[in-house]
Amino acid sequence: PWPGTYTVFLRGEGRQGFLRVLEAEVVEGAPGDVPGTVISAGEFIEVACGEGALRIRRLQAEGRKAMSAREFLNGQKLSAGAVFG
């Protein structure tokens, strides 16, 4: 619901864009992971939070249509260790 959740992500050559989270769930994260750090990027995108982690299932990149995390990762290089802003 409004206002929703979003973050800044980095695209190629240092350009930034907004990423709107449309569907996600809270899961357990490893202690000590820095908030905003991508834990895994495969079928879903798991991002460390202050407590636990957020498993992103569906999202919308700036200027793009809504898509699954898998569809996003097919066109965007993102791997464990990357950090969302």
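Each remark here, short or long, concerns the structure printed above.
The structure reproduced in this document is the subject of the present report.

Conventions we followed
- Residues numbered from 1 in each chain as written.
- Predicted model: local features only at pLDDT ≥ 70, side-chain atom pairs only at ≥ 80, totals over all residues.
- Heavy atoms only, no water.
- Core = buried A, V, L, I, M, F, W, Y, C linked by side-chain atoms within 4.5 Å.
- Buried < 20%, exposed > 50% of the residue type's maximum accessible area, 1.4 Å probe, protein only.
- Contact = heavy atoms within 4.5 Å.
- Helix = DSSP H or I, 4+ residues; strand = E, 2+ residues; numbered from the N terminus.
- Polar contact = N/O pair within 3.5 Å; in protein donor to acceptor, adjacent residues only side chain to side chain.
- Salt bridge = Lys/Arg side-chain N within 4 Å of Asp/Glu carboxyl O.

Comments concerning the nonpolar core
Part 1: Ranked by size, the top nonpolar core spans 15 residues in total, and within it Leu-19, Ile-45, Leu-59, Phe-72, Leu-78 and Phe-84 carry the most contacts.
Part 2: Discounting residues that sit within four places of it in the chain, Leu-59 has contacts with Leu-19, Arg-20, Leu-22, Ile-45, Lys-65, Ala-66, Met-67, Ala-69 and Phe-72.

What about the side chain of Thr-37?
Part 1: With respect to the element layout, Thr-37 can be found in the loop between strand S2 (16-27) and strand S3 (38-41).
Part 2: Of note is the side chain of Thr-37, whose polar atom sits 2.8 Å from the backbone oxygen of Val-34.

Regarding the pattern of salt bridges
Part 1: Enumeration according to the criterion identifies three salt bridges in this entry.
Part 2: Here Glu-25 ties to Arg-55 by a salt bridge, and the two come within 3.8 Å at their closest N and O atoms. Of this pair, Glu-25 sits in strand S2 while Arg-55 sits in strand S5 (residues 53-61), and the two are 30 residues apart along the sequence.
Part 3: Owing to a relative accessible area of 29%, Glu-25 belongs among the partly exposed residues under this scheme.
Part 4: Here Glu-46 makes a salt bridge to Arg-55, at a shortest N to O gap of 2.7 Å.
Part 5: Exposure remark for Glu-46: the relative accessible area of 14% places this residue in the buried category.
Part 6: Since its relative accessible area comes to 21%, Arg-55 is described here as partly exposed.

Keep in mind these numbers describe shape, not what the thing actually does.
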